[in-house]
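# What the coordinates show
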Amino acid sequence: HVSGSWGSTVLVNPGAMTYQVQIGADQLSDIALGMQLTGLRWRLATQTTSDYPSVPHTWDNYDIILAEAANDISGFSPTFADNMVNPTLVRSGALEMEAGAFVAEGNPRPWGPWISFDTPYTYQGGDLVITYRHDGSGYVPGASHWYLNAVASGSEWVAQYAMFDYNAVEADYTQTAFAITQFSAVMPSVIPEPATVTLLGLGLAGVTLKLRRRNRS
């Protein structure tokens, strides 16, 4: 798997956050139409030198919403709702993180724990919009001890976020790094075992299915 050279803290921030990213359809070509996404996970950046977290901690509310895109990436709106068509709340409620859940060894680092969806999301084709809302864990590690592996911004994806606001309606900032994300996915009528799909966002080397491994640089 390709390792990004950037780091991002937004998804595991100690303060509340609303974060939204739109991934271009050309970066999702190995996700078949109708495939169900059932969970996701991230990994640490190589500049993170200690396992994360050092102690267990919890977000009381950690929501993930998947949706079809309402606009082209060039038309991405600062209003979160305006970017989504048929949004699906795939997980909600508390998210608990065990001590050492993310291991700071190897390049790239090994994948962290799966965050399973309460409701599978059926991919409808086209761009995919992912919205995260969390109320912060309050856990603040040392410098560089919480960066997730990420890639820099470009034309294949666009992202934005609102600081310290779990219920934000509009973004305050644009995001310059997208955390590399791996989805678990299944085609109900074709694939009996879950596959994994890796989204590298910008500079995306592609997506990877366990059943048909494909590496791009």
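Everything numeric here is computed off the predicted structure, so don't read it as measured data. (Residues numbered from 1 in each chain as written. Predicted model: local features only at pLDDT ≥ 70, side-chain atom pairs only at ≥ 80, totals over all residues. Heavy atoms only, no water.)

### A few points about the nonpolar core
The tendency in soluble globular proteins is for nonpolar side chains to be buried side by side. Among the nonpolar cores identified, the biggest contains 45 residues, and Tyr19, Trp42, Ile64, Leu66 and Tyr132 are the most heavily contacted of them. If one sorts the elements of this core by residue count, strand S2 (residues 17-23) sits on top with four residues. (Core = buried A, V, L, I, M, F, W, Y, C linked by side-chain atoms within 4.5 Å. Buried < 20%, exposed > 50% of the residue type's maximum accessible area, 1.4 Å probe, protein only. Helix = DSSP H or I, 4+ residues; strand = E, 2+ residues; numbered from the N terminus.)

### Some remarks on the sheet that holds strand S1 (residues 6-8)
Judged by pairing direction, the sheet is antiparallel, and its three strands sit side by side in the order S1-S10-S13 without closing on themselves. Strands with a single pairing partner mark the edges of an open sheet, and in this sheet they are S1 and strand S13 (177-179). Across this sheet, the average inter-strand angle for adjacent strands is 50 degrees, counted without regard to direction. Where S1 and strand S10 (residues 148-152) come together, three bridges link them in antiparallel fashion. Bridge pairing links Trp6 to Ala150 in S10. (Pairing = 2+ DSSP bridges. Axes fitted to C-alpha atoms, helices over the stretch in contact; angles between N-to-C directions.)

### So, the packing of aromatic side chains
Enumeration according to the criterion identifies 10 aromatic pairs in this entry. Aromatic pair Trp42 and Tyr132: ring centres 6.2 Å apart, planes at 55 degrees, arrangement tilted. Here Trp42, found in the loop between strand S3 (36-41) and strand S4 (57-59), pairs with Tyr132, found in strand S9 (residues 128-134); they are 90 residues apart in sequence, far enough to count as distant. Look at Trp42 and you get buried, because its relative accessible area is 1%. When its relative accessible area of 1% is taken as the criterion, Tyr132 is described as buried. Plain terms: the ring middles of Phe117 and Phe183 are 6.4 Å apart, the flat faces sit at 70 degrees to each other, and that makes the pair edge-to-face. Linking Phe117 in strand S8 (residues 115-122) with Phe183 in strand S14 (residues 181-186), this pair joins segments that are 66 residues apart in sequence. Relative accessible area serves as the criterion here: at 10%, Phe117 is assigned to the buried category. One aromatic cluster is present, built from ring pairs that chain together Tyr19, Trp42, Trp59, Tyr62 and Tyr132. (Phe/Tyr/Trp six-rings, centres within 6.5 Å; stacked < 30°, edge-to-face > 60°.)

### Remarks on the side chain of Thr9
Here Thr9 lies in the loop between S1 and S2. Accessibility expressed as a relative area gives 15% for Thr9, which makes it buried. Setting aside chain neighbours within four positions, we find Thr9 in contact with Trp146 and Tyr147. (Contact = heavy atoms within 4.5 Å.)

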